[in-house]
Amino acid sequence: FWMMSWSCFDRLKVTEIRCGCAMGIIVLLVVAAEGHRLLEMASERWHRVVVALASRVWTLCLAILSLLIWRAAFAVVYWLLLPPKDNLRALLLAALGSSVLVAVGRFRSICDAAPVGYMADSSEQGEQFAAPSSSIVGLPNGIEGTWPRLA
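Read on for a plain summary of the structure.

**Focus: the overall build of the chain**
Phase 1: A count of helical and extended segments in the chain gives 5 helices and 0 strands.
Phase 2: Split into buried and exposed, the 151 residues of the chain put 15% on the buried side.
Phase 3: Pairs at least 24 apart in sequence give 68% of the contacts found in the chain among residues at least 6 apart.

In structure tokens, the structure reads:
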């Protein structure tokens, strides 16, 4: 899915940075409005087939938002930090990044590639719509939950 979608966006000439920033804003709005909770409440009155379809569409939308944000991040790294044919700069940035990850205890090698975070499947907990979440765990208390609630 990721490779196919990425290729489609490249072929359609979707601008990485602008689109990624717009998708980031959309994600922040969905999180602030607690979109998954609104869908949960609304789906209580829906037929189970509609709920199942809506759940799949919601998950697909979250995946596409994530993909477009990743494209923007890769574009920034490629264009600003790692210009082509600058191998010394690439080596120094890789060493710096590895050093920072080792220092904060988040470095993962190919021998120890455990997931960064774990989130239970929401359908196991009686919910139909997954909450948009980050895979960043271990942030100082309160940083992930400080978005203003609109609902």
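Now that the structure has been shown, we can carry on.
**What about the pattern of salt bridges?**
Phase 1: Inspection of the entire model under this criterion finds 2 salt bridges.
Phase 2: Arg71 is the salt-bridge partner of Asp10, the closest N and O atoms lying 2.7 Å from each other. Separated by 61 residues along the polypeptide, Asp10 in helix H1 (residues 2-11) and Arg71 in helix H4 (residues 48-81) bring together distant segments of the chain.
Phase 3: Look at Asp10 and you get partly exposed, because its relative accessible area is 36%.
Phase 4: For the salt bridge of Arg71 with Glu16, the shortest nitrogen-to-oxygen distance reads 3.5 Å. On the criterion of sequence distance, the pair formed by Arg71 in helix H4 and Glu16 in helix H2 (residues 16-32) is long-range, its members being 55 residues apart.
Phase 5: Three or more residues are tied together by salt bridges with common partners; here these are Asp10, Glu16 and Arg71.

**Let's talk about helix H3 (residues 35-43)**
Phase 1: Listed as buried for H3 are Gly35, His36, Glu40 and Ser43. When H3 is viewed along its axis, its buried side chains cluster within an angular range of 145° and face the same direction.
Phase 2: Where H3 is buried, its residues meet H2 and H4.

**What about the side chain of Arg71?**
Phase 1: By relative accessible area, which is 2% here, Arg71 ends up buried.
Phase 2: There is a polar contact of 3.5 Å between the side chain of Arg71 and the backbone oxygen of Val14.
Phase 3: Those residues in contact with Arg71 that lie beyond four places of it in its chain are Trp6, Phe9, Asp10, Val14 and Glu16.

**Here's the deal with the nonpolar core**
Phase 1: Residues Phe9, Cys19, Met23, Leu65, Leu67 and Leu68 constitute the largest nonpolar core, which totals 6 residues.
Phase 2: Secondary-structure elements contributing two or more residues to this core are H2 and H4.
Phase 3: Examining the composition of this core, we find that 3 residues originate from one element, H4, more than from any other.
Phase 4: Beyond its immediate sequence surroundings of up to four residues, Cys19 is in contact with Val14 and Leu68.

**Some thoughts on the state of the cysteines**
Working definition: the covalent bond between the sulfur atoms of two cysteines is a disulfide.
Phase 1: For the structure shown, the criterion picks out 0 disulfides.
Phase 2: In this model Cys19 remains outside any disulfide bridge; the closest cysteine sulfur is found in Cys21, 9.4 Å from its own.

**So, the packing of H1 against H4**
Phase 1: It is the contact of H1 with H4, at a shortest axis distance of 11 Å, that shows an interaxial angle of 65°. Helix-helix and strand crossings are classified by hand; for H1 and H4 the assignment is right-handed. Seen from H1, the contacting residues are Trp2, Ser5, Trp6, Phe9 and Asp10; seen from H4, they are Ala63, Ile64, Ser66, Leu67, Leu68, Trp70, Arg71 and Phe74.
Phase 2: A class-by-class count of the residues in the contact of H1 with H4 yields 9 nonpolar, 2 polar and 2 charged.

Criteria and thresholds
- Along each chain, residue indices are assigned from 1 in the same order as the chain's sequence is written.
- Per-residue local features are limited, in this predicted model, to residues with pLDDT of at least 70; the limit for side-chain atom pairs, both in listing and counting, is 80 or more; totals at the level of whole chains, interfaces and linings are taken over all residues.
- By convention in this description, side-chain values take in all heavy atoms of the structure and omit both hydrogens and water.
- Numbering of helices and strands starts at the N terminus; helices are DSSP runs of H or I of at least 4 residues and strands are runs of E of at least 2.
- Any residue under 20% of the maximum accessible area for its type is buried, any over 50% is exposed, and the rest in between are partly exposed; the area is computed with a 1.4 Å probe on protein chains only.
- Note on definitions: a residue-residue contact is assigned when non-hydrogen atoms from the two residues lie within 4.5 Å.
- For this document, the term salt bridge refers to a Lys or Arg side-chain nitrogen within 4 Å of an Asp or Glu carboxyl oxygen.
- The directions considered for the arc run from the helix axis to the C-beta atoms.
- For this analysis, a polar contact is any N or O atom pair within 3.5 Å, provided that within protein one partner can donate a hydrogen and the other can accept it, and provided that sequence-adjacent residues contribute only side-chain to side-chain pairs.
- What is meant by a nonpolar core is a set of buried Ala, Val, Leu, Ile, Met, Phe, Trp, Tyr and Cys residues, joined one to another through side-chain atoms within 4.5 Å.
- Pairs of cysteine sulfur atoms within 2.5 Å are identified as disulfides in what follows.
- Orientation is described by lines fitted to C-alpha atoms, with helices fitted over the stretch in contact, and by angles between N-to-C directions that extend from 0 to 180 degrees.
- Each crossing gets its handedness from the near helix: less than a right angle anticlockwise from the far helix is left-handed, clockwise is right-handed.
- Each residue is assigned to one class: nonpolar for Ala, Val, Leu, Ile, Met, Phe, Trp, Tyr, Cys and Pro, charged for Asp, Glu, Lys and Arg, and polar for all the others, Gly among them.

Purely geometric numbers; function is a separate question.
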